[in-house]
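Take a look at the letters that make up each chain.
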Amino acid sequence: MRYAIRKAVAWTVGIFCAVVVFPAVAVADNPIVQHIYTADPAPMVHNGRVYLYTGHDEDGSTTFTMKEWRVWSSADMVNWTDHGSPMSLATFSWASTNAWAGHTIQRNGMFYWYVPVTNRATGRMAIGVGVSNSPTGPFRDALGRPLVENGEIDPAAFIDDNGQAYLYWGNPNLWYVRLNPDMISYSGSATRIPLTTAGFGTRTGNPSRPTLYEEAPWVYKRNGLYYNVFAAQCCSEFIAYSTAPGPTGPWTYRGTVMPTQGRSFTNHAGIVDYKGSSYFFYHNGALPGGSGYTRSVAVEKFAYNADGTIPMMTMTTSGPPPADTLNPYARQEAETIAWGSGIETEPAGEGTMNVGWIENGDWIKVKAVAFGAGAKSFTARVASGAGGGTVELRLGNENGSVVGRCAVPGTGGWQNWTNVSCPVSGATGTQELFLRFTGGSGYLLNMNWWQFTS
Ligand code: FUB
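Here the structure is a predicted model, which means the values were calculated and not measured.

**A word on the overall build of the chain**
Here is step 1: A count of helices and strands for the chain gives two helices and 33 strands.
Here is step 2: For a compact globule of 454 residues, the expected C-alpha radius of gyration is about 22 Å, and the chain comes in at 23 Å, within 12% of that figure.
Here is step 3: Expressed as a percentage of the 454 residues in the chain, the buried residues total 58%.
Here is step 4: Considering only contacts in the chain between residues 6 or more positions apart, those separated by 24 or more positions represent 59%.
Here is step 5: Put simply, the chain shows about 16,600 Å² of open surface, and 52% of that area lies on carbon and sulfur atoms.
Here is step 6: Separation between the mean location of the 30 positive side-chain charges and that of the 32 negative ones in the chain comes to 1 Å.

Here it is as structure tokens:
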């Protein structure tokens, strides 16, 4: 996957150079993550950050091979921090396979992550719930058994203004239960939402499924109106939505949010408001090797129409503009990335994640870096079980002007961390910063975090 992505980036740059004759080109920022395949986005805003919960399509997956879930976060919608995998099939002792599309919600300082998995004992899909006191986990199995089980998938939780919480899920049906305030039990029984064509649109050519509703409900409330954004029709899916005056309906079909597009035959929606704008998350097969089973999460910024309807959106490779700037004078995780070429990540021995498997020519782009009057020096937390290398600090693109060069020595181990520093000159204003790694052959170094001084 690393080789393929690096080749694709080189191809992109080559094409741009040929067409617009610019020597330097900023690559696209969708999909959000480049070093692994991600699917089934579930964004959540908490304490000024967007947390993004995703599935993980394994490299080479040909049939939804998914073993873990992943967490990412951002303060600006363009640079995303990799928080690794705080929940996997192993979290649920009763689950066997299929770490599919989940949803995380916060209540009373706790975070509840509802996920569909196969129940080993029954062989059916069931909904489990992970719980943590942190949005980035680790999550533990709240119940030691499924919360609900009826062979259907794709849970989405919603807490109404009066405190009543609901869990929606389903394919081929659409179900809900009323969750209790503890969020891990419910009152009453699972109720089926009537799938009428007035409520969910008309599907042709499939008499057993007369409405467009397929799976992946995403339910929220805005200005007193309840929205259910869902994956429609199969296959390929598109994203559609319905609205209702209450959390359980009656629903009215409102049309398409995102038409069928891209190389994935599924799609999966998540919507949040953040720093004054609205954002629509989805997935496609946009990375090299991408397909319906090797998907990638992407995001678009949008504005509701004045009447509350959602405008139709198409997939872009550019993604949204930065919602904020990034402060280079605060410590930044190396795994906070707008676009990574050739790199991978792993849990760092001293905490958080680190960037690793760095080879000559690999690079990381960080967007909207607010240097202001100018940076004077750069410090990075690095390790190398080989001979080390150089971190080049470039502006604008990976071949852009060099404002600093930091030599990294061998440290005797890939998790033997040390700080290296170097002077910086010419880094002013708000820039796209590229950390470009150079050196000999093989893996050069790992990086845990970096920070400039002014
Ligand atoms: O990722 C596995 C399944 O594909 C999800 O549960 C569905 O929503 C579809 O995206």
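**Regarding the state of the cysteines**
Here is step 1: A full pass over the atoms with the stated rule returns two disulfides.
Here is step 2: Two residues share a disulfide in this structure: Cys-234 and Cys-235, whose sulfurs sit 1.7 Å from each other. Taking the torsion about the S-S bond as the criterion, the Cys-234 to Cys-235 disulfide, at about -45°, is left-handed.
Here is step 3: With relative accessibility at 37%, the residue Cys-234 sits in the partly exposed group.

**So, the domain arrangement of the chain**
Here is step 1: Along its sequence, the chain is organised into domain 1 (3-302) and domain 2 (332-453).
Here is step 2: The C-alpha-based centres of domain 1 and domain 2 are spaced at 32 Å.
Here is step 3: Facing the 22 residues of domain 1 at the interface are 22 residues of domain 2.
Here is step 4: The junction of domain 1 with domain 2 conceals about 1,900 Å² of combined surface from both sides, 50% of it contributed by carbon and sulfur atoms.
Here is step 5: For Asp-29, the salt bridge is made with Lys-367, and the minimal N-O distance between the two is 2.4 Å.
Here is step 6: Counting across the domain 1 and domain 2 interface gives nine residue pairs in polar contact (both at pLDDT 80 or more).
Here is step 7: Listing elements by their share of the side of domain 1 that touches domain 2, those giving two or more residues are α1 (2-20) and β4 (80-82).
Here is step 8: Of the residues belonging to the side of domain 1 that touches domain 2, the class tally is eleven nonpolar, seven polar and four charged.

**A word on unusual backbone geometry**
Comment: phi is negative for the bulk of residues other than glycine, and the bulk of peptide bonds are trans.
Here is step 1: With an omega of 20°, the peptide bond running from Asn-171 to Pro-172 counts as cis.
Here is step 2: By secondary structure assignment, the location of Pro-172 is in the loop between β12 (165-169) and β13 (175-179).
Here is step 3: The step from Cys-234 to Cys-235 runs through a cis peptide bond, and the omega angle for that step is -20°.
Here is step 4: By secondary structure assignment, the location of Cys-235 is in the loop between β16 (225-232) and β17 (238-244).
Here is step 5: The phi dihedral of Asn-223 is positive, around 50°, even though this residue is not glycine.

**Re the pattern of salt bridges**
Here is step 1: In the structure shown here, the tally under the stated rule is 16 salt bridges.
Here is step 2: One salt bridge connects Glu-392 with Arg-394, and the closest N-O pair in it is separated by 2.7 Å. For the pair Glu-392 and Arg-394, a shared accessibility class is recorded, and that class is buried.
Here is step 3: Across the salt bridge formed by Glu-392 and Arg-405, the nearest N and O atoms sit 3.7 Å from each other. With Glu-392 in strand β29 (residues 389-395) and Arg-405 in strand β30 (residues 402-408), this residue pair connects regions lying 13 residues apart in the sequence.
Here is step 4: Each of Asp-29, Lys-365 and Lys-367 takes part in salt bridges that share partners, so that together they form one network.

Each value, and the rule that gives it
- Residues numbered from 1 in each chain as written.
- Predicted model: local features only at pLDDT ≥ 70, side-chain atom pairs only at ≥ 80, totals over all residues.
- Heavy atoms only, no water.
- Helix = DSSP H or I, 4+ residues; strand = E, 2+ residues; numbered from the N terminus.
- Rg over C-alpha atoms; globule rule 2.2 N^0.38 Å.
- Buried < 20%, exposed > 50% of the residue type's maximum accessible area, 1.4 Å probe, protein only.
- Contact = heavy atoms within 4.5 Å.
- Areas by Shrake-Rupley, 256 points an atom, 1.4 Å probe, with all protein chains shown as cover.
- Lys, Arg positive; Asp, Glu negative; His and termini not counted.
- Charge placed at Lys NZ, Arg CZ, Asp CG, Glu CD.
- Disulfide = S-S within 2.5 Å.
- Domains from an automatic or database assignment.
- Buried area = accessible area lost by both parts, 1.4 Å probe.
- Salt bridge = Lys/Arg side-chain N within 4 Å of Asp/Glu carboxyl O.
- Polar contact = N/O pair within 3.5 Å; in protein donor to acceptor, adjacent residues only side chain to side chain.
- Nonpolar A, V, L, I, M, F, W, Y, C, P; charged D, E, K, R; others polar.

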